[in-house]
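Now for the letters of each chain:
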Amino acid sequence: MPVITIDDRQIEVAPGDTVMDAAHRAGIYIPHFCYHKKLSIAASCRMCLVEVEKVPKPLPACATPATDGMVVRTHSDKAVTAQKGVMEFLLINHPLDCPICDQGGECMLQDIAVGYGGIASRYAEPKRVVKEKDLGPLVATDMTRCIHCSRCVRFGQEIAGIMELGMPGRGEHTEVMPFLESQVTSELSGNVIDLCPVGALTSKPFRYSARPWELSRRKSVSPHDGLGSNLAVHVKDGKVFRFLPLENEAVNECWLADRDRYSYQALNSEERVTRPMVRQGSDWVEVDWQKALAQAAGALKVIHDTHGGEAIGFLASPHQTLEELYLTRQLAGALGCENIDTRLDVADFSADGKLAGIPWLGMPVADLDKLDRVLLVGSSVRKEQPLIAQRLRQAVKRGARLNVVHAADDDLLCRVANKLIAKPSAWVNALAQIANALRESGKDVGAVASDVSGVAVSDAARRVAESLVSGERKAVFLGGLASQHPNAAQLHSLAQAIAQATGAALGFLVSAANQVGAALAGCRPGANGRNAQRMLAEPRKAYVLLGVEPTLDHEPAAQAESALESAELVVLLTAFKVKAMDYAHVVLPIAPFTETAGAFVNMEGRLQAFNGVVPPQGEARPAWKVLRVLGNQLQLSDFDYDSAESVRKAALPEGEDGIAARLDNGICALPVTHLQAGDGVERLGETPIYQLDPLVRRAPALQATQVAADAAVCWANGALIQRLGLSVDRPVRVVQDSGESVLKLGRDDRLPEDVVRVAACHRLTTRLGERFGALRLEKM
Amino acid sequence: MSLLSPSIKVCSWTQEHDNPASLETYVANGGYEALKKILAEKTPAEQIVEQVKISALRGRGGAGFPTGLKWSFMPRNFQGDKYIVCNTDEGEPGTFKDRDIIEFNPHQLIEGMVIAGYTLGAKAGYNYIHGEIFELYESWERALGEARRAGYLGKNILGSDWDFDLHAFHGYGAYICGEETALLESIEGKKGQPRFKPPFPASYGLYGKPTTINNTETLASIPWIMRHGGQAFLELGKPNNGGAKLFSVSGHVNKPGNYEIALGTPFGELLEMAGGVRDGHKLKAVIPGGSSAPVLPADIMMDCTLDFDSIAKAGSMLGSGAVIVMDETVCMVRALERLAYFYFEESCGQCTPCREGTGWMYRVIHRIENGQGRPGDLDLLMDVGTNIAGRTICALGDAAVGPVHSFIKHFRKEFEYHIEHKKCLVGG
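As the structure is a computational prediction, the values presented were derived from the model and not from experiment. (Residues numbered from 1 in each chain as written. Chains lettered and ligands numbered in written order. Predicted model: local features only at pLDDT ≥ 70, side-chain atom pairs only at ≥ 80, totals over all residues. Heavy atoms only, no water.)

Participant: How do you make sense of the overall build of chain B when you look at a structure like this?
Facilitator: Helix and strand counts for chain B stand at 17 helices and 11 strands. Radius of gyration (C-alpha) of chain B: 22 Å, near the 22 Å computed for a compact globule of 428 residues. Seen through its C-alpha atoms, chain B measures out along the principal axes to roughly 75 × 45 × 35 Å. Restricting the contact set of chain B to residue pairs at least 6 apart, pairs at least 24 apart contribute 70%. Summing over all exposed atoms, chain B offers an accessible surface of approximately 15600 Å²; the carbon and sulfur share of this is 52%. For chain B, the distance from the average position of its 42 positive side-chain charges to the average position of its 51 negative side-chain charges is 4 Å. (Helix = DSSP H or I, 4+ residues; strand = E, 2+ residues; numbered from the N terminus. Rg over C-alpha atoms; globule rule 2.2 N^0.38 Å. Contact = heavy atoms within 4.5 Å. Areas by Shrake-Rupley, 256 points an atom, 1.4 Å probe, with all protein chains shown as cover. Lys, Arg positive; Asp, Glu negative; His and termini not counted. Charge placed at Lys NZ, Arg CZ, Asp CG, Glu CD.)

Participant: Just to check I follow, could you spell out the packing of helix α6 (residues 106-120) of chain B against helix α7 (residues 134-149) of chain B for this structure?
Facilitator: Describing two packed helices takes the angle between their axes plus the distance from one axis to the other. Residues and elements named next belong to chain B. Contact pair α6 / α7: the axes reach a minimum separation of 10 Å and the direction vectors enclose 60 degrees. As far as their axial angle goes, α7 and α6 are oblique. Seen from above, α6 lies across α7 with right-handed handedness. Along its contact with α6, which presents P106, H107, L109, I110 and M113, the element α7 presents W140, A143, L144, E146 and A147. Tallied by class, the residues present in the contact of α6 with α7 amount to 8 nonpolar, 1 polar and 1 charged. (Axes fitted to C-alpha atoms, helices over the stretch in contact; angles between N-to-C directions. Parallel < 35°, antiparallel > 145°, perpendicular 65-115°, else oblique. Left-handed = near helix turned anticlockwise from the far one by under 90°. Nonpolar A, V, L, I, M, F, W, Y, C, P; charged D, E, K, R; others polar.)

Participant: Before we go on, may I ask you to explain the nonpolar core in this structure?
Facilitator: In globular proteins that are soluble, nonpolar side chains generally tend to be buried together. Counting 227 residues, the largest nonpolar core has L375(A), L431(A), I434(A), F477(A) and L588(A) as its most contacted members. Broken down by element, the residue count for this core peaks at 9 residues, all from helix α11 (residues 427-440) of chain A. Excluding residues within four positions of it along the chain, L431(A) makes contact with L375(A), V377(A), V405(A), L491(A), L494(A), A495(A) and I498(A). Ranked by size, the runner-up nonpolar core spans 61 residues in total, among them A182(B), V330(B), L336(B) and F415(B). (Core = buried A, V, L, I, M, F, W, Y, C linked by side-chain atoms within 4.5 Å. Buried < 20%, exposed > 50% of the residue type's maximum accessible area, 1.4 Å probe, protein only.)

Participant: Help me out: how do you make sense of unusual backbone geometry in this one?
Facilitator: The bulk of non-glycine residues show a negative phi, and the bulk of peptide bonds are trans. Going from E555(A) to P556(A), the amide bond is cis rather than trans, its omega being -5 degrees. Mapping P556(A) onto the fold places it in the loop between α18 (550-553) and α19 (557-566). In this model, K197(B) is joined to P198(B) through a cis peptide bond whose omega is 0 degrees. Along the chain, the position of P198(B) falls in the loop between α8 (180-187) and β4 (211-215). The phi angle at A43(A) is positive, at roughly 55 degrees, despite the residue not being glycine. For A43(A), a relative accessible area of 1% puts it in the buried group. Residue Y207(B) is not a glycine yet carries a positive backbone phi of 50 degrees. Take Y207(B): it is sitting in the loop between α8 and β4. Using a relative accessible area of 43% as the deciding quantity, one classes Y207(B) as partly exposed.

Participant: Whenever I open this one, the sheet that holds strand β3 (residues 165-170) of chain B confuses me. Can you help?
Facilitator: Adjacent strands of a sheet pair through backbone hydrogen bonds, lying either parallel or antiparallel. Residues and elements named next belong to chain B. Spatially, 4 strands are ordered β3-β2-β1-β4 in an open sheet, and the strand pairing comes out parallel. In the strand order of this sheet, the two ends are held by β3 and β4, each with one partner. Each neighbouring strand pair of the sheet contributes to a mean axis angle of 20 degrees, computed without reference to strand direction. Where strand β1 (residues 83-88) meets β4, 5 bridges bridge the pair, whose relative direction is parallel. Bridge pairing in β4 links I84 to T212. (Pairing = 2+ DSSP bridges.)

Participant: Just to check I follow, could you spell out the packing of aromatic side chains for this structure?
Facilitator: Any two aromatic rings considered together are summarised by their centre-to-centre distance and by the angle between their planes. This model, assessed by the stated rule, comprises 26 aromatic pairs over all chains. Seen from their ring centres, W224(B) and F233(B) are 5.6 Å apart, and the 65 degrees between their planes marks the pair as edge-to-face. Given a relative accessible area of 0%, W224(B) falls into the buried group. Judged by relative accessible area, which is 0%, F233(B) ranks as buried. Relative to F344(B), the ring of Y341(B) has its centre 6.0 Å away and its plane inclined at 70 degrees; by these criteria the two rings are edge-to-face. One end of the pair, Y341(B), and the other, F344(B), are both in helix α14 (residues 332-346), 3 residues apart, so they sit about a helical turn from each other. Following the ring pairs from residue to residue traces out a cluster consisting of F243(A), Y264(A), F593(A), F600(A) and F610(A). When the ring centre of F241(A) is taken as origin, the NZ or CZ atom of K239(A), which lies over that ring, is 5.0 Å away. The aromatic ring of F206(A) is capped on one face by R242(A), whose charged end is 4.3 Å from the ring centroid. (Phe/Tyr/Trp six-rings, centres within 6.5 Å; stacked < 30°, edge-to-face > 60°. Lys NZ or Arg CZ within 6 Å of the ring centre and 35° of its normal.)

Participant: Explain helix α9 (residues 216-228) of chain B to me, please; I cannot follow it from the model alone.
Facilitator: One full turn of an α-helix is made of 3.6 residues, so residues set three or four places apart face in the same direction. Residues and elements named next belong to chain B. Most of α9 is tucked away, with 11 of its 13 residues classed as buried. Every buried residue of α9 is listed here: T216, E217, T218, L219, A220, S221, I222, P223, W224, I225 and M226. Taking the backbone nitrogen of E217 as reference, a side-chain oxygen 2.8 Å away marks N215 as the first, capping residue of α9. Of the residues trailing α9, G229 is marked for its positive phi of about 95 degrees. (Polar contact = N/O pair within 3.5 Å; in protein donor to acceptor, adjacent residues only side chain to side chain.)

Participant: It is not clear to me how the packing of helix α3 (residues 45-55) of chain B against α9(B) should be interpreted in this structure. Could you clarify?
Facilitator: Residues and elements named next belong to chain B. Between α3 and α9, the shortest axis-to-axis distance is 10 Å and the interhelical angle comes to 100 degrees. The angle between α3 and α9 places the two elements in the roughly perpendicular class. Together, I48, Q51, V52 and S55 of α3 and I222, I225 and M226 of α9 make up the contact between the two elements. In terms of residue class, the contact of α3 with α9 is built from 5 nonpolar, 2 polar and no charged.

Participant: Could you clarify how one ought to interpret the side chain of H418(B) in this entry?
Facilitator: Assignment of secondary structure puts H418(B) in helix α17 (residues 396-421). Setting aside anything within four residues of it in sequence, one finds H418(B) in contact with C331(B), V333(B), I368(B), E369(B), K423(B) and C424(B).

Participant: What exactly am I supposed to notice about the interface of chain A and chain B here?
Facilitator: Note: interface size is frequently given as the accessible area lost on complex formation between the parts. Taken together, the contacts link 37 residues of chain A with 32 residues of chain B. Counting each side, the surface lost to burial between chain A and chain B is near 2800 Å², with a carbon and sulfur contribution of 53%. On the chain A side of the contact with chain B, F89(A), R122(A) and R170(A) bury the most area, a combined 27% of that side's loss. No other element matches helix α2 (residues 77-92) of chain A, which puts 8 residues into the side of chain A that touches chain B. (Buried area = accessible area lost by both parts, 1.4 Å probe.)

Structure (structure tokens):
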């Protein structure tokens, strides 16, 4: 290995390393602004100039290749003179408005100025002023403070995959700005705030609310998508002020999706419920915990004694902690109830009982960027898993070929090698085509061979098959939409056949933070139990709801609504005022994840435990405690847990190491029957990115984004719009089953003519039917 | 004059003919003979590079880098596309020679580029033409059409079974795009900003492929060298400074214009050719190589010969050969203000020292010129300049500092007078 000397220390370097890399490895700090380990090298801020022996000019450490025998000095007169010179230039036009700047206290410019700046400025000329830019509800600008490091611009190009910010203009007139006054809409946009070394880009919702030095930083884990991004929660006076990424190369790297970054707003929402309540007639009466719990336990016992345990349904959210879900399971078990589930978004449960283990990603998250070939089935991946999409984008950049089966030809912001774009009811056929192409080329597709052998193979399917046969590291992923599909099990079975025939890993892009944990905790119906869908289709006498909003989490919402409405008892464990309060009888206010200890198991099977970072608001209590006391009230044995850890130990008797053995995506091959697509126009009903769970639904900044507004629009292909004589931007009546909604009509030619995109899990579409079903558009 | 005889009119000889730009004129006077010979004899590329090395041809765009050496950097055995790029982004204030080559002798440039393409194994060549001379873009396209029809460009050139084509690229007038890597970015459709080097264009150039970029005059000199030999070219000039060169003489002379003279010619002779300093005035100072070159006072300049080494020894640079002559009526503060404004305006804004420093220097000089100078301003200017020079990705930072440092060094009294008396020493 080549060796270089930095500040008299000998450092081994790898080929391709820069002086900056070598210095980092040795723990030698070289001041810098434009350099960022995850971005390409700009070498433009010039702050990292160092002296290199035998070179007359100082060189930028970030861009200078480390070569054997090189002697570098970062603190010599020459280096420091150059660094101080650059610092002076950076400050001459920078408004020294630190006292009113939100970045103050966590500003690279401020920090480095302490070491390299002068006492007073020699600059006595007028300073530059730059017009503000409107980047939308998430990112605030103070562009006069910009030091043109171009990190935000490179982030867009290289990580987010879309160059929403650019640097037009020359010299002093160079300005970072969006394209033609448009806003920044990337689902990863908030990262530019972390990247910005000054106060030019700051968080709009957080702005002016606290100083960094007043905030305590505490570790936590994001409760939204199945990635489980690591969070640094900033708190003050028992209140959460913001979420920042906590770097974890194996999970979220140094990034955070906007959903994970801004959902904290909901924690302090007016919609929080902070006192136990019981229904008296049509009114809610605040009571103490003892009374509320006694009433809940008593009523449950009555139902149990009168109708048996099977008269009760337990619906829990896969965004709740492992401990909460485990205790829910225990409670149900003790009541003799096998009706327990967290899969409110699933329509097809025919795989239950045929699975080899718990569905998971099928590989470590960190291996995603190293894949050569990918088949992505039914995933609006940018919206479902923004950072997984980012990893796949990096893989594509490194040469991976990405193949897609979807109902919309969405821009994944990376090159897609082959795609089969068809309405949802044609997906089984699409996978069967790929399987048959493999079969025809001599691959063993196992038990599905005879089912698919009659399927006509399209050129696109053949190309997907060819793509998957080549390459070394490959994977077939089933996305959220594939799991929610009415023929999810058959898709799973075919995906397995394709994966096995091509030597690819099979994985699920698990859409909720603790869906894997829920399965580990046993929150699945017992052998005689009812799954989430049946619990609502065959109304129960009583429901216990943990963190769910059935009318938003379940499709069709009307089914959930009528089931709850007709129940004799609904016990609601919730952190927020929810629609279900209309039917509930007892409301037990529980603490969201920031106010309780617990753990999530992410899509790769990683157990991530966290502690409460602030005390519960008002009378709210951690759900594991509430459930424990409820168990005590029902005189259940073995219900004396005194900490979240003790619950976790019970939930995972073999500990963290026992998890991997329980994960398996294998499925007993099912007959492939739905080879014929349905007639007519179909609905593509996705859960919008900012409607995933109760928290994001209540984050005002996220709800104010263009992305959130787009989710309230009915999108259709221009040809369909013309054929039906409809007008874009005008209201349109969307009719599905017996329900209808009136939505604004938008045109999206990336959709096939027979697919209409109408969000599911959205308050404007609760009257419609299933996510994927026949649907009609009518002129108003 | 023609290409037939080894005269010192290497690039400007066609101007003595009717229809100087036409293919007929060029061919009738020995044009494309060198190319024909090379293709017929299949001259090995190494031999051509060797002749260019012997000729001591140095880059005519400003840096004066030995062309033969630059050509030898191109990877010979690289599998894949390579490019030759001609830099006609003639933006250096005071320089107006390359436009004359395109206007009056485009075929010699075409022949030079085709020979370069052959030598370097390029697939295609681009000529990046400065934004403000659109009519030349059109005349260049016309010349390309003529050459294509005559079989000097395109598929199977002169029956040699070798394909090569040239394309014109129209810039938009940014000075920085004359910097070779910014020029490449611009051709690629990106914002014209210099790239950090290494990697150099010879390994990672246009579209990431090995690329050689030469100035217009440099490439136009190649046919002459191939016809008469590197040694003959060298002998036109002086050792290490081969050939003749076009000098763009502007400012206070009676006959401003382009003059092609042998390198090593005394400055006095060029001044005489340009009709001398305008009548009734005397020489004060000269910027010998375009606005980036440090200014030299008359006495130093009169002792110089016009070649790279002599001017460098005197503390300036031959640059692009743009000789800006100033007589005693020139206020050096005002002249510097104008130059400083140019660099302030043309800095690409990428590197901190240049983006911030050029504006700082301009504003201070502007103040001094407008009677608002303060004690300490000159030291500040020198210091700011020192903090820019050598600390940026490209040479624009240094180019902006050259005038500031040299004007203050040689004419400090004028600046001090401005600061102290709030008015000009020259002409009240």
